[in-house]
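Chain by chain, the residues run as shown.
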Amino acid sequence: MAALLKKFGGLPVLALVVLAIYPFAPVVDWALEAATGQALHIDRQLVNIFIFSILALALNLQVGQAGLLQLGIAAFFAVGAFTTGVLTVEKYPFQIGFWGAILISPLAGAIGGFLLGAPTLRLRGDYLAIVTLGFGEVMRIVLLNLENITDGPRGLNPVPAPWLPTLVRDAMSPAGDASIGTLRAMYFLALIVLAATVVCLKLLERSRIGRAFVALREDELAASCMGIEPARIKLAAFTGGAALAALAGCFYATNLTTTAEPNTYDFNYSIMVLCCLIIGGLGSIRGALLGAALLLGFDNVISPLLTRLLQTALGGESTHVMASFSNWRWIVFGTALVVMMRLRPEGLWPSSPQAEELHESAGEA
Amino acid sequence: MLDTVLQQLLIGLTNGMVFALVALGYTMVYGILEFINFAHGDVFMLSAFVSLTLVGALGLNDQSSAGALAGGLVLCIVASSVFGGLLNLTIDRVVYKPLRKAPKLAPLVSAIGVSFILQNVGLFWGGMSMQIFGGGGQAAAPKAFPNLLPATNLLGASSHVTLQPKDVLVIGASLVVMSALYGIVQFTKLGKAMRATAQDPSAARLMGIDVDQVVSATFLIGGALGGFASVIYSLYINTVHYQMGYQNGLYAFTAAVVGGIGNIPGAVLGGLLLGLVRAFSDQFIGAQWQPAVLFGILIVILVFRPAGLLGSTAREKV
């Protein structure tokens, strides 16, 4: 514990402790419910935020840390979700359950990432962006059209909840309510995996490969003169990011109990993840977490609240398209992207000051 | 069989013309700034909404007199082209221009942001309480663009191949506009300045070319081409939708890449090629696979010949 505190500082550990206690004492929920009369189920939203954070960290590994502009992260998210679907639903003979799927789906993501990355990573930045975008669309269309395998627009379901030892299950479920037990199980599983991901990525940042990422971003030619192989390092980052995205996809499908329809994993989804990184701070792990929390917080908490206020102000139920705040989300995020790029390109919460300095000196050179 | 092939050739050519017109907007901007203007497809989309609004305001439909239709069409084309050009120019001035010296990611991400904003504007626009928008009750639903040209078959009613006046209009008008663009780029002073800037912006600046003005002109012309294409597209497809800019924009961008991005004849060639591939894949593979086929081609071209069909490899920088 002391070593952890020393390594990561007090804030992350404090956050972890608060999040670990929260489902048993959802004070924010109580306060908001008292204030607005609406049950917001923050703990449910938190599960989504954890899962989305893992996805954002996956993209951060590729875009932020390795500098590979990838616009199709949703494709790998989908690979994870559908691998989990195929491996667990009743339609197929495998039915290996969550614990098997969580091991295999990252592998499937990694294979996908490797196969796409190997021929395309030598392309220059904006071409790579387009190839990954195209790949994302191809994946969506393939999943949509291979109805025999993916059940097309219906998606694969039901994806079973993770198996847990009876002791743990009982401890999680108050008064034997199994649905709350499942929710809490997902909550803690996602939190644990997210925390482990953050720790691994932090360690990676300080490792040989992490330093190679920085070197490649700053000056590829100089880095390769120092014995760093750009192709291998980039491929490693791309494959790793794809695997992590697929892991997030596995959680996503399990949490939703369905793989959702393939159209969920479209270009806009990929861009929303990128949006998180840019708002939080590209290349910054804490920035990615902040971005994910802000984005989902906007969609699921702020937007419904504002819609309610808007409706009250308009006096009753207006069906006009502008009266629902969720219809403003693209203007809000679009403006956020434009404004961030102009005024604070390093994001709201960039990584350590040293990294900032590095960027500044690179800009001057 | 021959009839089918001929018919698909015709569909491919007309579709290809629209792709080519939009692709020109991407390729001209890329040629000069090396920047993918993601919002270009959405400028195209909003221009189509301008036309649809005009058609609604003028009360044009297939029952209108020939004179009213001709006048209305000309008005739509002028309004959409001017709108597209000015919108594109404004976006460049307000959003992209301050980022000229920033890292490449900055304008790209900003363009994605602008694209989002424009799509959202399109969604709200569809919610207008005009008759032609279906009263605005369902803002996100596709809007029908009235069929303003007679649906007669110019090859005679007995022919198996259908050639409608709108096909002739699309191909003819596109050829006129492309020739005009070719004339501007090849034979005017502005065109010379554009070519010089595309070749080497700093050298062009040293030769006394006002690069900022050239960039503005490029955005203006590119946007106007997109606006023009949107009228042609709406007349041809008869549906307008707030997300149509996204997919058509990506296809047009693919066309630009296939032809060799930055290369103006390449964009036209790529557009036609992509239109043909799309028509034949719809016929023989199935329309539901259309995006997969087109983006598959994009990936293959980028991997094996990143410079495109007509592009030179000399421009590639590490």
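Residues numbered from 1 in each chain as written. Chains lettered and ligands numbered in written order. Predicted model: local features only at pLDDT ≥ 70, side-chain atom pairs only at ≥ 80, totals over all residues. Heavy atoms only, no water.

1. Quick notes on the overall build of chain A
Then step 1. Counting its regular elements, chain A contains 17 helices and 0 strands.
Then step 2. In summary, chain A has a C-alpha radius of gyration of 21 Å against a globular reference of 21 Å for 365 residues, a match within 12%.
Then step 3. Structurally, chain A occupies a C-alpha span of about 65 × 50 × 50 Å along its principal axes.
Then step 4. By residue count, 52% of the 365 residues in chain A fall in the buried class. (Helix = DSSP H or I, 4+ residues; strand = E, 2+ residues; numbered from the N terminus. Rg over C-alpha atoms; globule rule 2.2 N^0.38 Å. Buried < 20%, exposed > 50% of the residue type's maximum accessible area, 1.4 Å probe, protein only.)

2. A look at unusual backbone geometry
Where the residue is not glycine, phi is negative for most of them; where a peptide bond is considered, it is trans in most cases.
Then step 1. Residue Asn157(A) is joined to Pro158(A) through a cis peptide bond whose omega torsion reads 0°.
Then step 2. Backbone geometry at Gln95(A) places phi at a positive 45°, although glycine is not the residue there.
Then step 3. Among the secondary structure elements, Gln95(A) is positioned in the loop between helix H5 (73-88) and helix H6 (97-120).
Then step 4. Assessed through its relative accessible area of 43%, Gln95(A) is described here as partly exposed.
Then step 5. Even without glycine at this site, Glu34(B) takes up a positive phi of about 50°.
Then step 6. Looking at the element boundaries, Glu34(B) is found in the loop between helix H1 (2-33) and helix H2 (40-58).
Then step 7. In this structure Glu34(B) comes out as buried when scored by relative accessible area, which is 16%.

3. Focus on empty space enclosed by the protein
Then step 1. Using the criterion set out here, one finds 3 cavities of 30 Å³ or more in the structure.
Then step 2. Size it by volume and the largest cavity reaches roughly 90 Å³.
Then step 3. Every residue lining the largest cavity is listed: Phe267(A), Tyr26(B), Phe38(B), Gly41(B), Asp42(B), Ile112(B), Ser115(B), Phe116(B), Gly245(B), Tyr246(B), Gly249(B) and Leu250(B).
Then step 4. Of all the elements, helix H9 (residues 244-259) of chain B adds the most residues to the lining of the largest cavity, at 4 residues.
Then step 5. Along the lines of polarity and charge, the residues of the lining of the largest cavity split into 7 nonpolar, 4 polar and 1 charged.
Then step 6. One number sums up the size of the second largest cavity: a volume of about 60 Å³.
Then step 7. Around the second largest cavity sit Ala161(A), Pro162(A), Leu164(A), Arg169(A), Ser173(A), Ala178(A), Gly181(A), Thr182(A) and Ala185(A), which together line it.
Then step 8. The element best represented in the lining of the second largest cavity is helix H10 (residues 178-206) of chain A, accounting for 4 residues. (1 Å grid on protein atoms, 1.4 Å probe; cavity = no way out; pocket = protein on both sides within 12 Å on 5 of 7 lines; lining within 4 Å. Points joined across faces, edges and corners; volume = space filled by probe spheres on them. Nonpolar A, V, L, I, M, F, W, Y, C, P; charged D, E, K, R; others polar.)

4. Here we look at the packing of aromatic side chains
All names here are of chain A.
Then step 1. Across all of its chains, the model carries 32 aromatic pairs over all chains by this definition.
Then step 2. Where Tyr252 meets Tyr265, the ring centres are 6.1 Å apart and the plane angle is 75°; that geometry is what we call edge-to-face. With Tyr252 in helix H13 (residues 230-256) and Tyr265 in the loop between H13 and helix H14 (267-280), this residue pair connects regions lying 13 residues apart in the sequence. Like Tyr265, Tyr252 is buried.
Then step 3. In this structure, Arg329 is placed above the aromatic ring of Trp330, and the distance from its NZ or CZ to the ring centre is 4.8 Å. (Phe/Tyr/Trp six-rings, centres within 6.5 Å; stacked < 30°, edge-to-face > 60°. Lys NZ or Arg CZ within 6 Å of the ring centre and 35° of its normal.)

5. Considerations on the state of the cysteines
A covalent bond between the sulfur atoms of two cysteines is referred to as a disulfide.
Residues and elements named next belong to chain A.
Then step 1. With the rule as written, the count across this model stands at 0 disulfides over all chains.
Then step 2. Of all cysteine sulfurs, the one in Cys200 lies closest to Cys250, which takes part in no disulfide; the gap is 17 Å.
Then step 3. On the basis of relative accessibility, which here comes to 0%, the residue Cys250 falls in the buried class. (Disulfide = S-S within 2.5 Å.)

6. Considerations on the environment of Leu68(A)
All names here are of chain A.
Then step 1. Assignment of secondary structure puts Leu68 in the loop between helix H4 (42-65) and H5.
Then step 2. Overall, the relative accessible area of 3% leaves Leu68 in the buried class.
Then step 3. Separated by 56 residues in sequence, Leu68 and Arg124 place their C-alpha atoms 9.2 Å apart.
Then step 4. If we ignore the near neighbours within four places in the chain, the residues touching Leu68 are Gln62, Val63, Leu121, Leu128, Lys234 and Phe238. (Contact = heavy atoms within 4.5 Å.)

7. Quick word on the interface of chain A and chain B
Then step 1. Tallying the contact residues gives 40 residues for chain A and 43 residues for chain B.
Then step 2. Roughly 3800 Å² of surface becomes buried between chain A and chain B when both sides are summed, with 76% attributable to carbon and sulfur atoms.
Then step 3. Interface area lost by chain A to chain B is led by Arg124(A), Tyr127(A) and Ile130(A), which between them contribute 17%.
Then step 4. At the junction of chain A and chain B, the tally comes to 0 salt bridges.
Then step 5. Counting the contacts that link chain A with chain B gives 8 residue pairs in polar contact (both at pLDDT 80 or more).
Then step 6. Listing elements by their share of the side of chain A that touches chain B, those giving two or more residues are H6, helix H7 (125-145), H14 and helix H16 (329-343) of chain A.
Then step 7. For the side of chain A that touches chain B, the leading source of residues is H7(A), giving 12 residues.
Then step 8. A breakdown of the residues in the side of chain A that touches chain B according to their chemical character gives 26 nonpolar, 8 polar and 6 charged. (Buried area = accessible area lost by both parts, 1.4 Å probe. Salt bridge = Lys/Arg side-chain N within 4 Å of Asp/Glu carboxyl O. Polar contact = N/O pair within 3.5 Å; in protein donor to acceptor, adjacent residues only side chain to side chain.)

8. Examining the pattern of salt bridges
Residue and element names in this part refer to chain B.
Then step 1. Per the counting criterion, the structure on display carries 10 salt bridges over all chains.
Then step 2. One salt bridge connects Arg100 with Asp92, and the closest N-O pair in it is separated by 3.2 Å.
Then step 3. You can call Asp92 buried: its relative accessible area is 0%.

9. Here's the deal with the confidence of the model for chain A
Then step 1. Confidence in the prediction for chain A averages 87 pLDDT; 93% of positions are at 70 or higher.
Then step 2. Ignoring residues within four places in sequence, the model shows residues 361-365 of chain A, a span with pLDDT below 50, making 1 contact including any to other chains. (pLDDT = per-residue confidence, 0-100.)

10. Topic: the nonpolar core
Then step 1. Ranked by size, the top nonpolar core spans 208 residues in total, and within it Phe52(A), Leu55(A), Leu71(A), Phe251(A), Tyr265(A), Phe38(B) and Tyr96(B) carry the most contacts.
Then step 2. Broken down by element, the residue count for this core peaks at 15 residues, all from H4(A).
Then step 3. Those residues in contact with Phe251(A) that lie beyond four places of it in its chain are Ile51(A), Phe98(A), Ile102(A), Met186(A), Leu189(A), Ala190(A) and Val193(A). (Core = buried A, V, L, I, M, F, W, Y, C linked by side-chain atoms within 4.5 Å.)

11. Considerations on the packing of H10(A) against helix H11 (residues 208-218) of chain A
Residues and elements named next belong to chain A.
Then step 1. In the contact formed by H10 and H11, the axes pass within 4 Å of each other and the chain directions differ by 65°. Relative to H11, the element H10 lies roughly perpendicular. Facing H10, whose interface residues are Leu204, Glu205 and Arg206, H11 presents Arg208, Ile209, Gly210, Arg211 and Phe213.
Then step 2. For the contact of H10 with H11, the residue count by class is 3 nonpolar, 1 polar and 4 charged. (Axes fitted to C-alpha atoms, helices over the stretch in contact; angles between N-to-C directions. Parallel < 35°, antiparallel > 145°, perpendicular 65-115°, else oblique.)

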